[in-house]
Amino acid sequence: MTEPIQTPAQRDIDSALRGNPYKAIVRLAWPATVAMLLHTLFTITDAIWVGRLGAAPIAAVISSSFIVWILLSLTEVLATGVVATVSRSIGAGEFDKAASISEETFRFALLYAAFITILGLLFRGSLFDLQRLEPDVTAIGTTYMGIYFAGAVFVVFTEWAGAIFRAAGNTRIPFLVHSFSIVLNVVLDPFLIFGWGPFPAWGAAGAAVATVIAYAVGSGIAVVFLLHNRLPFPFRMRPFGIINWPRMWRIVMIGVPISAAWIVFSTVYLFINRITAQFGTEAVAALGIGNRIESINYLISYGFSIAVATLVGQNLGNNNPQRAKELAFKAVGMVSAFTGLMTVIFLAFPETLMRIFIDDPGVLAAGKNYVRILAISQIMMAWEVVFEGGFVGAGNTLPPMLVGTPGAIARIPVAWFLAVYLGLGVDGIW
């Protein structure tokens, strides 16, 4: 008897629930990992091009990135809850429920994006004042973030759509969306920053415009995939309709602890940036470049975390907690091998990595020790990020917040004590 032909969506679910553990992890992790690496290229590309304008513009873009983290942290309120609830419904075979949650969270995403835009435009100036940067850096950064927040609807929609596909076990479509967006961003950056061809020279603001355009195009591509039945359940993109507010509240509450931890982490960096600014604009630039170098490890770990969240959610929905646990620990072992290799590279070639972004002697002097010190923490960072994905898939996001938040807050007094009180300078912050 001929076996029924499985759709790609059905094969994704079968792999998560019954396939080879390593193949299941890699199948989900590699597109998610590459997508996250491409995602960070939004800011890395900006930094590389804007770095050609001098220390003040790149310091503004880098200082803006800490505020961008807050924006992205706010999107996690919705994305985390979507992955936890939709993946669990799919694992349990409740496809009607998965469809209903997806349609309601789409409507909520539009309202949520409007809220974030208003909030960001109102408080972007205050967030820069908090960092006590040089006036020219603050002026450039405030303009940059105004453009970014104006396009928040595309950021929120792209992250929501990616969460829906990941919950269904499909990380390939978010990968394609981010890939096309990144290529567009890379192409547009020099034209809008330096005024190549018929375009005006907008400087750092041009980098923000390029990023918003890239997100907008990415949103359009995601819409195409959503409307062409690439999910294991029917989805109708109707902006007006009923929202089950009690259920939406539960979804939001799943996402709030993770989002709150990220917001705290991002806000802490505003204060860290403020302490760093005491040692000059070059030190601020070094802080941001060091973060971008570390982002290679972080985003690969986060890609594995996304895979683990989906696999844990679907297997718990299928009443198989032992497989959920096995998949999480195997993913940690895999990502530890990569971050261990990167630890060696960070220790051996810190200045070479810094020179990818800037040749300024002051920034290089301030930043090369940062890369070496970062190296020490990379494997443990990977453990924290991947296991957090396991908690997300389980819908139990409070433990990661309780673990991560106190450590993040402790960075502020410890950085001040070492850098200022003990006189270690920027190395104390690192």
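All of these numbers come straight from a predicted model, not from anything done at the bench.

Criteria and thresholds
- Residues numbered from 1 in each chain as written.
- Predicted model: local features only at pLDDT ≥ 70, side-chain atom pairs only at ≥ 80, totals over all residues.
- Heavy atoms only, no water.
- Helix = DSSP H or I, 4+ residues; strand = E, 2+ residues; numbered from the N terminus.
- Rg over C-alpha atoms; globule rule 2.2 N^0.38 Å.
- Contact = heavy atoms within 4.5 Å.
- Lys, Arg positive; Asp, Glu negative; His and termini not counted.
- Charge placed at Lys NZ, Arg CZ, Asp CG, Glu CD.
- Buried < 20%, exposed > 50% of the residue type's maximum accessible area, 1.4 Å probe, protein only.
- Polar contact = N/O pair within 3.5 Å; in protein donor to acceptor, adjacent residues only side chain to side chain.
- 1 Å grid on protein atoms, 1.4 Å probe; cavity = no way out; pocket = protein on both sides within 12 Å on 5 of 7 lines; lining within 4 Å.
- Points joined across faces, edges and corners; volume = space filled by probe spheres on them.
- Nonpolar A, V, L, I, M, F, W, Y, C, P; charged D, E, K, R; others polar.
- Phe/Tyr/Trp six-rings, centres within 6.5 Å; stacked < 30°, edge-to-face > 60°.
- Expected span 1.5 Å × (residues − 1).
- Bend = angle between axes of the 7 residues up to and from the residue.
- Axes fitted to C-alpha atoms, helices over the stretch in contact; angles between N-to-C directions.
- Parallel < 35°, antiparallel > 145°, perpendicular 65-115°, else oblique.
- Salt bridge = Lys/Arg side-chain N within 4 Å of Asp/Glu carboxyl O.

Visitor: Hey, could you run me through the overall build of the protein chain in this one?
Guide: A tally of helices and strands in the protein chain yields 16 helices and 0 strands. By the compact-globule yardstick of 22 Å for 430 residues, the protein chain fits well, its C-alpha radius of gyration being 21 Å. The principal-axis extent of the C-alpha atoms belonging to the protein chain is close to 70 × 45 × 40 Å. Considering only contacts within the protein chain whose residues lie at least 6 apart along the sequence, 83% involve residues at least 24 apart. The average position of the 26 basic charges and that of the 23 acidic charges among the side chains of the protein chain differ by 8 Å.

Visitor: I would appreciate a short explanation of unusual backbone geometry in the present structure.
Guide: Only a minority of non-glycine residues have a phi that is not negative, and only a minority of peptide bonds are not trans. In the Ramachandran plot, Asn319 falls in the positive-phi region, its phi being about 60° despite a non-glycine side chain. If you trace the backbone, Asn319 turns up in the loop between helix 10 (281-317) and helix 11 (321-348). Residue Asn319 is classed as exposed on the basis of its relative accessible area of 69%.

Visitor: Mind showing me how you'd approach the side chain of Arg107 here?
Guide: Within the secondary structure, Arg107 sits in helix 4 (residues 95-131). Note on Arg107: relative accessible area 7%, which makes it buried. Only 2.6 Å separates the side chain of Arg107 from the backbone oxygen of Ile242, close enough to count as a polar contact. What Arg107 contacts, discounting residues up to four positions off in sequence, is Arg238, Pro239, Phe240, Gly241, Ile242 and Ile243.

Visitor: How should I be thinking about the layout of surface pockets in this particular structure?
Guide: Empty space left among the atoms is revealed by rolling a probe the size of a water molecule over them. In this structure, the second largest pocket spans a volume of roughly 210 Å³. Together, 15 residues line the second largest pocket, and Ala84, Thr85, Arg88, Ser89 and Lys97 are the ones closest to its centre. Of all the secondary structure elements, the ones that give two or more residues to the lining of the second largest pocket are helix 3 (55-91), helix 4 and helix 9 (245-277). Within the lining of the second largest pocket, the residues separate by chemical class into 6 nonpolar, 4 polar and 5 charged.

Visitor: Quick question: what am I supposed to make of the packing of aromatic side chains here?
Guide: If you walk through the whole model with that rule in mind, you get 22 aromatic pairs. Where Phe106 meets Phe235, the ring centres are 6.4 Å apart and the plane angle is 80°; that geometry is what we call edge-to-face. On the criterion of sequence distance, the pair formed by Phe106 in helix 4 and Phe235 in the loop between helix 8 (204-227) and helix 9 is long-range, its members being 129 residues apart. Each of the two residues, Phe106 as well as Phe235, counts as buried. Aromatic pair Phe108 and Trp245: ring centres 6.1 Å apart, planes at 75°, arrangement edge-to-face. Of the two residues, Phe108 sits in helix 4 while Trp245 sits in helix 9, which places them 137 residues apart along the sequence. The class of Phe108 is buried, set by a relative accessible area of 13%.

Visitor: Please explain the environment of Ala47 as it appears in this structure.
Guide: Among the structural elements, Ala47 can be located in helix 2 (residues 21-50). Owing to a relative accessible area of 0%, Ala47 belongs among the buried residues under this scheme. Distance in space between the C-alpha atoms of Ala47 and Ser100 is 41 Å, their sequence separation being 53 residues. Not counting chain neighbours up to four residues away, the residues in contact with Ala47 comprise Ile58, Arg292 and Phe357.

Visitor: Quick question: what am I supposed to make of helix 10 here?
Guide: A turn of α-helix holds 3.6 residues, and therefore any two residues three or four places apart point the same way. With 37 residues, helix 10 ought to run about 54 Å at 1.5 Å a step, and its terminal C-alpha atoms sit 51 Å apart, in line with that. Bending of helix 10 peaks at approximately 40° at the position of Ser295. Asn319 lies just past helix 10 and shows a positive phi near 60°.

Visitor: Mind showing me how you'd approach the packing of helix 9 against helix 15 (residues 398-421) here?
Guide: For any two helices packed against each other, the geometry is given by the interaxial angle and the distance between the axes. Contact geometry for helix 9 and helix 15: axes closest at 8 Å, N-to-C directions at 5°. With respect to their mutual orientation, helix 9 and helix 15 come out roughly parallel. Where helix 9 approaches helix 15, its residues Pro257, Ile258, Ala260, Ala261, Val264, Phe265, Val268, Tyr269, Phe271, Ile272 and Ile275 are matched on the opposing element by Leu398, Pro400, Met401, Thr405, Ala408, Ile409, Arg411, Ile412, Ala415, Trp416 and Val420. Here the residues of the contact of helix 9 with helix 15 are counted per class, giving 20 nonpolar, 1 polar and 1 charged.

Visitor: Explain the pattern of salt bridges to me, please; I cannot follow it from the model alone.
Guide: Using the criterion set out here, one finds 6 salt bridges in the structure. One salt bridge in this structure joins Arg238 and Glu103, with 3.5 Å as the shortest N-O distance. One end of the pair, Arg238, is in the loop between helix 8 and helix 9; the other, Glu103, is in helix 4, and 135 residues separate them in sequence. You can call Glu103 buried: its relative accessible area is 8%.

Such coordinate-based values are descriptive only and should not be taken to indicate function.
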